[in-house]
Amino acid sequence: MRRSTIKAWFLIHKWSSLVCTLFLFLLCVTGLPLIFHDEIDAAFGEDYEATLTGPASAQDGVPLDTMLSLAAEQRPGEVPLFMAFSQDSPLLTITTGPAPDAAESEMTLLFFDRATGEPLGPAPSGGIMDLILDLHIDLLMGQWGMWFLGAMGVLFVVALVSGLVLYVPFMRRLAFGTLRLDRNERVGRLDTHNFFGVLILAWALVVGLTGVINAYADPLTESWRDGELARMTERYGDAAPVPPEAYGSLDAAMASAKVGLPNRSPQFIAFPGGAWSTGHHYAVFFQGDRPLTRDLLTPALIDAETSELVASAEMPVINQALMMSKPLHFGDYGGLPLKLIWAVLDIATIYVLWTGILLWFRRRPGRIERRIEEIRRGGFSAASA
Amino acid sequence: MITHRFEARRTARRSVLRVLRMPILLAILTLAGLVAGLIGDGVPDLLAWILLAIPLSVPLVAWTRRHRRNPMKTKEILQ
């Protein structure tokens, strides 16, 4: 590789890394407890998924209309926004808000036992895990924070790719896995940075890219609603949105949806007027039956007044990619061992970030040429080469 | 002539493919592991753990082979 080529890639690696490192530290540190959020939530709160007994709420239980009226009793004056089902327990959640298009911060999440119809109260919120999650998603800065972190994710991917490019000239004369910890600190640090960097590369690329996709999830859902969904429900045109008091039977709507998409399990129902439906429909989202397709949703659109099936269709490819990318970011699809592997890789990433910072910070003052020479010679000094 | 130990380890210039052979192998194992876990529960999960554990065990091997400051060892090599 020519000296000028190495120099260009070195500058790309240096600046893309420096800009995103601080935020990547934050993402890795907050991401670590989030890997185990199921276990942590279960340990510190009421683990309804484990303690409730009876048929899964996605399959059977007290009629949905009854569940909805129970929610209305708890939140008088509010309208239902979402109803979500569990595939494993009778736990059913209903989200309410002051208006059909209420912002997320105004929503209330209520827990119910669908086997008995017993209300379990609002979901605990405001805990440390919520704070960690919000920091991880948007730095507590809403939409702009989310997009900003998405951009940091893009830089992280650039840093990973440029790092791999620099790995080649550096390792030209070194065996894979060489760790020269017997020489000066810097050579050992270069070796560990390169070695662990290349080790976590594939995983870091996957988690980085899926993180970026997730950061831009809301605009993608919006474009699905305004494009595909609007076309599916064209004949409703500009008709006034259905007011909540005119909503038809939810049980009838679910029955219609199951005719449209038989043999699938419902994951959630989006009520009219929200981000996941139109002003005139219940959107019943069905999920796949494997980890691969668990987040792959297919909606059935139901007329919210008559509870009749209007249309059902797969989501566009880009939205499907978004949904499939979720487990690959969270690492929650292969039991506790996979989560532990995720945690080890997360800590390894922190270590690579840290050695990278040290390589930049603890360098001898000098022109960039010294860095280039270091990469070209694989850390060997000019005298010994 | 006294040769420092790590210089003895310095190999001849290798081709790009040779340099990237292990990284590519590890990346394939990692990606296969990530995908295996998605396919289903049970056996695919087990496969995912095994595939992903291989790259993670590489540092242990590298650590045992690391070059460390050890006068005794250096002497042995010089003899």
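Every value quoted in this text rests on a predicted model; they were computed, and no experiment measured them.

S.K.: Teacher, can you tell me more about the packing of helix 6 (residues 142–171) of chain A against helix 2 (residues 16–39) of chain B here?
M.R.: The description of two helices packed together rests on the angle between their axes and the distance between the axes. Relative to each other, helix 6 of chain A and helix 2 of chain B sit at 120°, their axes nearing to 9 Å. Overall, the two elements helix 6 of chain A and helix 2 of chain B adopt an arrangement that is oblique. Seen along the crossing, helix 6 of chain A lies across helix 2 of chain B with a hand that is right-handed. Touching A:Leu164, A:Tyr167, A:Val168 and A:Met171 of helix 6 of chain A are B:Val16, B:Val19, B:Leu20 and B:Pro23, all from helix 2 of chain B. Its residues placed into classes, the contact of helix 6 of chain A with helix 2 of chain B shows eight nonpolar, no polar and no charged.

S.K.: Honestly, the interface of chain B and chain A in this entry has me stumped. Any pointers?
M.R.: Frequently, the measure chosen for interface size is the accessible area that the parts lose on association. Facing the 37 residues of chain B at the interface are 40 residues of chain A. Around 3800 Å² of area is buried between chain B and chain A when both sides are counted, 69% of it from carbon and sulfur atoms. Here chain B and chain A share zero salt bridges between them. At the surface where chain B touches chain A, the tally comes to five residue pairs in polar contact (both at pLDDT 80 or more). Elements with a contribution of two residues or more to the side of chain B that touches chain A: helix 1 (5–9), helix 2 and helix 3 (43–64) of chain B. The dominant element in the side of chain B that touches chain A, judged by the number of residues it contributes, is helix 2 of chain B, at 13 residues. Counted by class, the side of chain B that touches chain A contains 21 nonpolar, seven polar and nine charged residues.

S.K.: What's the story with helix 12 (residues 368–376) of chain A in this structure? I'm lost.
M.R.: In an α-helix, one turn spans 3.6 residues, which is why side chains three or four residues apart end up on the same side. Residue and element names in this part refer to chain A. What helix 12 keeps buried is the set Arg371, Ile372, Glu373, Glu374 and Ile375. Structurally, helix 12 contributes buried residues whose contacts are with helix 1 (3–35), helix 6 and helix 7 (185–215). One or two steps after helix 12, the chain reaches Gly378, where phi turns positive at roughly 65°.

S.K.: What exactly am I supposed to notice about the UniProt feature "transmembrane region" (unreviewed entry) in chain B here?
M.R.: Annotation from UniProt places "transmembrane region" (unreviewed entry) at residues 20–40 and 46–63 of chain B. Taken end to end, residues 46–63 of chain B is 100% helix and 0% strand, and its first and last C-alpha atoms sit 26 Å apart.

Definitions and cut-offs
Residues numbered from 1 in each chain as written. Chains lettered and ligands numbered in written order. Predicted model: local features only at pLDDT ≥ 70, side-chain atom pairs only at ≥ 80, totals over all residues. Heavy atoms only, no water. Axes fitted to C-alpha atoms, helices over the stretch in contact; angles between N-to-C directions. Helix = DSSP H or I, 4+ residues; strand = E, 2+ residues; numbered from the N terminus. Parallel < 35°, antiparallel > 145°, perpendicular 65-115°, else oblique. Left-handed = near helix turned anticlockwise from the far one by under 90°. Contact = heavy atoms within 4.5 Å. Nonpolar A, V, L, I, M, F, W, Y, C, P; charged D, E, K, R; others polar. Buried area = accessible area lost by both parts, 1.4 Å probe. Salt bridge = Lys/Arg side-chain N within 4 Å of Asp/Glu carboxyl O. Polar contact = N/O pair within 3.5 Å; in protein donor to acceptor, adjacent residues only side chain to side chain. Buried < 20%, exposed > 50% of the residue type's maximum accessible area, 1.4 Å probe, protein only. UniProt positions renumbered as here; feature names shortened; annotations may be inferred.

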